[in-house]
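Each chain, letter by letter, is given below.
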Amino acid sequence: MIDAHNHLGRWLSEDDDWLVDDVGELIGMLDDVGVDTVVNLDGRWGAELEANIARYDERHPGRFLTFCHIDWSVLSSDDDERSIVDTLSSQLAASAAAGARGVKVWKDLGLQVRDASGAPVMPDDPRVVSVLQTAGELNLPVLIHTADPVAFFEPLTRANERWDELQVHPEWWFGGPGMPSFRHLMDRLDHLLTLCPGTTFIGAHVGCWAEDLGAVGRMLDEHPHWNVDIAGRLGELGRTPLSFRSLVERFPDRVLFGTDCFPPAAGDYARHRRFLETTDKDFAYSGDPTPPQGNWTIDGAGLDSRLLPGLYHDNARRVLRLTD
Ligand SMILES: [Zn+2]
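Notes on the structure in this doc start here. Worth saying up front: this structure is predicted, and the values here are computed from it rather than measured.

Points about the overall build of the chain
Right, so step 1: Per the secondary structure count, the chain includes 13 helices and eight strands.
Right, so step 2: Taken over C-alpha atoms, the radius of gyration comes to 19 Å for the chain, in line with the 20 Å a tight globule of 324 residues would show.
Right, so step 3: Taken over the C-alpha atoms alone, the chain extends approximately 55 × 50 × 40 Å along its principal axes.
Right, so step 4: Counting only residues that meet the buried cut, the chain has 55% of its 324 residues in that class.
Right, so step 5: For the chain, long-range pairs separated by at least 24 residues make up 73% of all intrachain contacts whose partners lie at least 6 apart in sequence.
Right, so step 6: Summed over its atoms, the accessible surface of the chain is roughly 13800 Å², and 48% of this surface lies on carbon and sulfur atoms.
Right, so step 7: Taken together, the 29 basic and 53 acidic charged side chains of the chain have centroids lying 5 Å from each other.

Some thoughts on the state of the cysteines
Right, so step 1: Per the stated rule, a full pass over the model turns up zero disulfides.
Right, so step 2: Of the cysteine sulfurs around cysteine 68, a residue in no disulfide, the closest is that of cysteine 196, at 15 Å.
Right, so step 3: When its relative accessible area of 0% is taken as the criterion, cysteine 68 is described as buried.
Right, so step 4: Cysteine cysteine 208 remains unbridged, with the sulfur of cysteine 196 as its closest cysteine sulfur at 14 Å.

Overview of empty space enclosed by the protein
Right, so step 1: According to the stated counting rule, one finds one cavity of 30 Å³ or more in the structure shown.
Right, so step 2: Taken as a whole, the largest cavity holds about 30 Å³ of empty space.
Right, so step 3: Contributing to the lining of the largest cavity are His145, Thr146, Asp148, Pro149, His205, Cys208, Trp209, Ala210, Glu211 and Arg233.
Right, so step 4: When grouped by side-chain class, the residues that make up the lining of the largest cavity number four nonpolar, three polar and three charged.

Some thoughts on a negative patch on the surface
Right, so step 1: The grouping of Glu14, Asp15, Asp16, Asp17, Asp21, Asp22 and Glu25 at the surface amounts to a negative patch.
Right, so step 2: Following the sequence through the fold, glutamate 14 ends up in the loop between β1 (2-6) and α1 (23-33).

Some words on the sheet that holds strand β5 (residues 142-144)
In a beta sheet, neighbouring strands are held together by backbone hydrogen bonds and run either parallel or antiparallel to one another.
Right, so step 1: Strand order in the open sheet formed by five strands is β4-β5-β6-β7-β8, with parallel pairing between adjacent strands. Looking at which strands have only one partner, the edges of the open sheet turn out to be β4 (103-105) and β8 (255-256).
Right, so step 2: Inspection of the sheet shows β5 paired to strand β6 (residues 201-203) by three bridges, in the parallel sense. Pairing of valine 142 across the sheet is with phenylalanine 201, part of β6.

Looking at the sheet that holds strand β2 (residues 37-40)
Right, so step 1: Ordered in space as β1-β2-β3, the three strands form an open sheet in which the pairing is parallel. Because the sheet does not close on itself, it has two edges, and the strands there are β1 and β3 (64-66). On average, each strand axis in the sheet is tilted by 20 degrees relative to the strand beside it, whichever way the strands run.
Right, so step 2: Note that β2 and β3 share three bridges and pair parallel. Following the sheet pairing, valine 38 is matched in β3 by phenylalanine 64.

Observations regarding helix α13 (residues 308-319)
Right, so step 1: Counted at 1.5 Å a residue, the expected span for α13 with its 12 residues is 16 Å, and the 16 Å between its end C-alpha atoms agrees.
Right, so step 2: Looking only at α13, the buried set comprises Leu308, Gly310, Leu311, Tyr312, Asn315, Ala316 and Val319.
Right, so step 3: Residues of α13 that are buried sit in contact with β1, β6, β7 (226-229), β8 and α12 (266-277).
Right, so step 4: Backbone geometry just downstream of α13 places arginine 321 in the positive-phi region, at approximately 55 degrees.

Focus: the layout of surface pockets
Right, so step 1: In this structure, the largest pocket encloses a volume near 1200 Å³.
Right, so step 2: As for the largest pocket, its lining consists of 39 residues, and the residues nearest its centre are Glu165, Trp172, Asp260, Phe262 and Gln293.
Right, so step 3: Taken together, the elements giving at least two residues each to the lining of the largest pocket come down to α6 (163-168), α10 (234-237) and α12.
Right, so step 4: The greatest single-element share of the lining of the largest pocket, amounting to three residues, is contributed by α12.
Right, so step 5: Residues that form the lining of the largest pocket fall into these classes: 13 nonpolar, 14 polar and 12 charged.

Some details on the coordination of the zinc ion
Right, so step 1: Protein-derived ligands of the zinc ion are His5 (NE2), His7 (NE2) and Asp260 (OD), with the metal-ligand distances lying across 2.2 to 2.3 Å.
Right, so step 2: Motif for the zinc ion, donor spacing along one chain: H-x1-H-x252-D. With histidine 5 in strand β1 and aspartate 260 in the loop between β8 and α12, this residue pair connects regions lying 255 residues apart in the sequence. Accessibility assignment for this pair places histidine 5 and aspartate 260 in one class, buried.

Remarks on the pattern of salt bridges
Right, so step 1: Scanning the entire structure with this criterion turns up 16 salt bridges.
Right, so step 2: Across the pair arginine 127 and aspartate 115 runs a salt bridge, and its minimum N-O distance is 3.0 Å. Taken together, the residues arginine 127 in helix α5 (residues 126-137) and aspartate 115 in the loop between α4 (108-111) and α5 connect sequence positions 12 residues apart. Judged on exposure class, the residue arginine 127 and its partner aspartate 115 are both buried.

Calculation criteria
- Residues numbered from 1 in each chain as written.
- Predicted model: local features only at pLDDT ≥ 70, side-chain atom pairs only at ≥ 80, totals over all residues.
- Heavy atoms only, no water.
- Helix = DSSP H or I, 4+ residues; strand = E, 2+ residues; numbered from the N terminus.
- Rg over C-alpha atoms; globule rule 2.2 N^0.38 Å.
- Buried < 20%, exposed > 50% of the residue type's maximum accessible area, 1.4 Å probe, protein only.
- Contact = heavy atoms within 4.5 Å.
- Areas by Shrake-Rupley, 256 points an atom, 1.4 Å probe, with all protein chains shown as cover.
- Lys, Arg positive; Asp, Glu negative; His and termini not counted.
- Charge placed at Lys NZ, Arg CZ, Asp CG, Glu CD.
- Disulfide = S-S within 2.5 Å.
- 1 Å grid on protein atoms, 1.4 Å probe; cavity = no way out; pocket = protein on both sides within 12 Å on 5 of 7 lines; lining within 4 Å.
- Points joined across faces, edges and corners; volume = space filled by probe spheres on them.
- Nonpolar A, V, L, I, M, F, W, Y, C, P; charged D, E, K, R; others polar.
- Patch = residues over 30% accessible without salt bridge, like charges linked within 9 Å, V, L, I, M, F, W, Y side chains within 5 Å.
- Salt bridge = Lys/Arg side-chain N within 4 Å of Asp/Glu carboxyl O.
- Pairing = 2+ DSSP bridges.
- Axes fitted to C-alpha atoms, helices over the stretch in contact; angles between N-to-C directions.
- Expected span 1.5 Å × (residues − 1).
- Donors = N, O, S within 2.8 Å, 3.2 Å for Na, K, Ca; no water.

Taken by themselves, the reported measurements are silent on function.
Rendered as structure tokens:
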């Protein structure tokens with residue numbers, strides 16, 4: 001298997017230390033559960049990118065592929081559009097030369113990133129479009145996470161099905177005044193895809209819209225360069241396993257396995273396989289004692305075994321340009 005969506009770096013960790021202490025131990029576990037390669041989405045840029053690549057990709061060839069980020073803080077400089085795009089495009093070229101295997105674009109684009117005027121920067125901002133077109137020219141796939149679960153944009157009342165989770169993480173609620181709606185962000189994402197036909201995209205978390213697999217199917221239909229990973233969304237997919245199965249049957253070459261479970265653990269891979277490969281009913285979507293995303297259980301999708309090679313590795317191999 002290839003886990004096309006995971007985090008092994010430092011920028012998301014609470015103590016600024018590596019999310020994985022012992023890389024040898026991690027590789028032993030990956031061998032045990034049959035994971036050949038893990039995509040590490042935490043490369044950032046510059047020295048941090050080099051440190052990630054040295055620790056993972058170079059020391060363990062083929063086992064880890066590190067993606068870089070784009071330093072959106074450059075958008076808040078007073079430079080004109082042309083020089084901002086030049087700066088970000090050269091940064092991307094330097095990241096590619098350093099060994100980055102793709103670009104991760106996080107949800108802060110559209111929600112938090114602002115330019116010099118203080119305006120929020122949307123995924124289809126002309127400056128962003130230029131830089132992500134450059135990613136395509138550099139043969140870097142772009143794994144993009146836009147918006148967040150639909151419930152995070154809905155009124156924060158007890159009727160919100162992610163109420164419990166939002167009590168623990170109030171910073172994940174985006175339904176306040178002045179915030180873009182979920183639909184607005186997805187429209188901007190859709191427009192970005194239209195404007196970057198030469199760039200290969202992976203839509204994180206089931207194309208950023210696990211709650212509406214019909215909408216995911218429409219975007220896959222409209223954009224041949226759009227692919228989706230299933231990371232972090234067993235809780236959603238396991239509520240509509242038959243719709244998920246239909247989506248994979250309709251797009252067997254476009255759905256990628258990924259977990260977003262970090263640090264990676266054997267139980268998370270077993271749980272994903274149970275969802276994908278069995279028709280078991282009423283089981284936990286997470287290893288946490290309290291269901292983190294909502295108080296429900298899931299059912300397995302029971303995918304036909306012929307769909308699994310694509311989902312588990314072949315689709316990722318194509319998107320990630322793994323040739324051997
Ligand atoms: Zn992630």
